[in-house]
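So the chains spell out like this:
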Amino acid sequence: MGETKEHLKKFSELAKKIAALGESLRQAEKDMKSTWVDQIEIRDLKNVKEQMKAVEETLYLLQEEVGHVEAEHCKRDKEMH
(Lines give C-alpha, C1' and ligand atoms only; values in the text may rest on other atoms or scores of the structure.)
Protein backbone atom coordinates (compact mmCIF):
# COMPACT_ATOMS: atom_id res chain seq x y z
CA MET A 1 0.00 0.00 0.00
CA GLY A 2 2.91 2.36 0.76
CA GLU A 3 4.21 1.88 -2.76
CA THR A 4 0.85 2.89 -4.22
CA LYS A 5 0.87 6.09 -2.15
CA GLU A 6 4.37 6.88 -3.41
CA HIS A 7 3.26 6.43 -7.04
CA LEU A 8 0.23 8.66 -6.45
CA LYS A 9 2.45 11.30 -4.84
CA LYS A 10 4.74 11.24 -7.89
CA PHE A 11 1.75 11.51 -10.24
CA SER A 12 0.56 14.54 -8.28
CA GLU A 13 3.99 16.18 -8.48
CA LEU A 14 4.16 15.54 -12.22
CA ALA A 15 0.70 17.03 -12.73
CA LYS A 16 1.78 20.20 -10.90
CA LYS A 17 4.72 20.64 -13.27
CA ILE A 18 2.47 20.23 -16.29
CA ALA A 19 0.00 22.75 -14.83
CA ALA A 20 2.89 25.21 -14.31
CA LEU A 21 3.71 24.99 -18.01
CA GLY A 22 0.09 25.75 -18.88
CA GLU A 23 0.13 28.80 -16.61
CA SER A 24 3.38 30.03 -18.20
CA LEU A 25 1.83 29.72 -21.65
CA ARG A 26 -1.31 31.61 -20.54
CA GLN A 27 0.80 34.38 -19.00
CA ALA A 28 2.97 34.66 -22.11
CA GLU A 29 -0.13 34.90 -24.29
CA LYS A 30 -1.67 37.55 -22.02
CA ASP A 31 1.52 39.65 -21.98
CA MET A 32 1.95 39.40 -25.73
CA LYS A 33 -1.62 40.54 -26.35
CA SER A 34 -1.39 43.52 -24.01
CA THR A 35 2.21 44.68 -24.43
CA TRP A 36 4.73 44.01 -27.15
CA VAL A 37 7.78 44.93 -25.10
CA ASP A 38 10.84 42.93 -26.05
CA GLN A 39 11.91 42.34 -22.45
CA ILE A 40 8.53 40.90 -21.49
CA GLU A 41 8.46 38.70 -24.56
CA ILE A 42 11.99 37.43 -23.98
CA ARG A 43 11.25 36.69 -20.31
CA ASP A 44 8.02 34.91 -21.17
CA LEU A 45 9.56 32.83 -23.92
CA LYS A 46 12.50 31.90 -21.70
CA ASN A 47 10.09 30.89 -18.96
CA VAL A 48 8.00 28.82 -21.38
CA LYS A 49 11.15 27.12 -22.67
CA GLU A 50 12.23 26.25 -19.11
CA GLN A 51 8.74 24.96 -18.29
CA MET A 52 8.68 22.86 -21.46
CA LYS A 53 12.00 21.28 -20.46
CA ALA A 54 10.57 20.53 -17.01
CA VAL A 55 7.47 18.98 -18.60
CA GLU A 56 9.61 16.92 -20.96
CA GLU A 57 11.48 15.53 -17.96
CA THR A 58 8.20 15.11 -16.12
CA LEU A 59 6.62 13.15 -18.96
CA TYR A 60 9.64 10.86 -19.01
CA LEU A 61 9.22 10.27 -15.26
CA LEU A 62 5.50 9.76 -15.74
CA GLN A 63 6.22 7.15 -18.39
CA GLU A 64 8.56 5.37 -15.96
CA GLU A 65 5.98 5.53 -13.15
CA VAL A 66 3.23 4.15 -15.37
CA GLY A 67 5.61 1.38 -16.38
CA HIS A 68 6.24 0.53 -12.73
CA VAL A 69 2.53 0.53 -11.93
CA GLU A 70 1.79 -1.58 -15.00
CA ALA A 71 4.54 -4.07 -14.13
CA GLU A 72 3.25 -4.36 -10.56
CA HIS A 73 -0.32 -4.82 -11.78
CA CYS A 74 0.73 -7.51 -14.25
CA LYS A 75 2.77 -9.22 -11.53
CA ARG A 76 -0.22 -9.31 -9.17
CA ASP A 77 -2.50 -10.46 -11.98
CA LYS A 78 -0.17 -13.39 -12.78
CA GLU A 79 0.04 -14.31 -9.10
CA MET A 80 -3.75 -14.44 -8.86
CA HIS A 81 -4.07 -16.80 -11.81
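What you see is a predicted model; the values in this text were computed from it and never measured. (Residues numbered from 1 in each chain as written. Predicted model: local features only at pLDDT ≥ 70, side-chain atom pairs only at ≥ 80, totals over all residues. Heavy atoms only, no water.)

J.: Any chance you could break down the overall build of the chain for me, citing the residues and the numbers?
T.: The helix and strand inventory of the chain stands at 2 helices and 0 strands. Sequence separation of 24 or more characterises 69% of the internal contacts of the chain that already satisfy a separation of 6 or more. (Helix = DSSP H or I, 4+ residues; strand = E, 2+ residues; numbered from the N terminus. Contact = heavy atoms within 4.5 Å.)

J.: Which residues make up the environment of Asn47, and what values do they have?
T.: Relative to the helices and strands, Asn47 is located in helix H2 (residues 38–80). Overall, Asn47 belongs to the partly exposed group, its relative accessible area being 31%. For the pair Asn47 and Leu25, spaced 22 residues apart in the sequence, the C-alpha separation amounts to 8.8 Å. (Buried < 20%, exposed > 50% of the residue type's maximum accessible area, 1.4 Å probe, protein only.)

J.: Describe the pattern of salt bridges, naming the residues involved and giving the relevant values.
T.: For the structure shown, the criterion picks out 2 salt bridges. Between Glu56 and Lys53 there is a salt bridge, and its shortest N-O distance comes to 3.9 Å. Here Glu56 and its partner Lys53 are both found in helix H2, 3 residues apart, which amounts to about one turn of the helix. (Salt bridge = Lys/Arg side-chain N within 4 Å of Asp/Glu carboxyl O.)

J.: For the side chain of Glu65, give the residues involved together with the corresponding values.
T.: With respect to the helices, strands and loops of the structure, Glu65 is situated in helix H2. Ignoring sequence-local partners within four residues, the contact set of Glu65 consists of His7, Lys10 and Phe11.

J.: Can you lay out the side chain of Asp44 for me, pointing to particular residues and giving the numbers?
T.: For Asp44, the position within the fold is in helix H2. On the basis of relative accessibility, which here comes to 4%, the residue Asp44 falls in the buried class. Among the polar contacts listed, one links the side chain of Asp44 to the side chain of Arg43, at a separation of 3.1 Å. In contact with Asp44, not counting residues within four places along its chain, are Gln27, Ala28 and Asp31. (Polar contact = N/O pair within 3.5 Å; in protein donor to acceptor, adjacent residues only side chain to side chain.)

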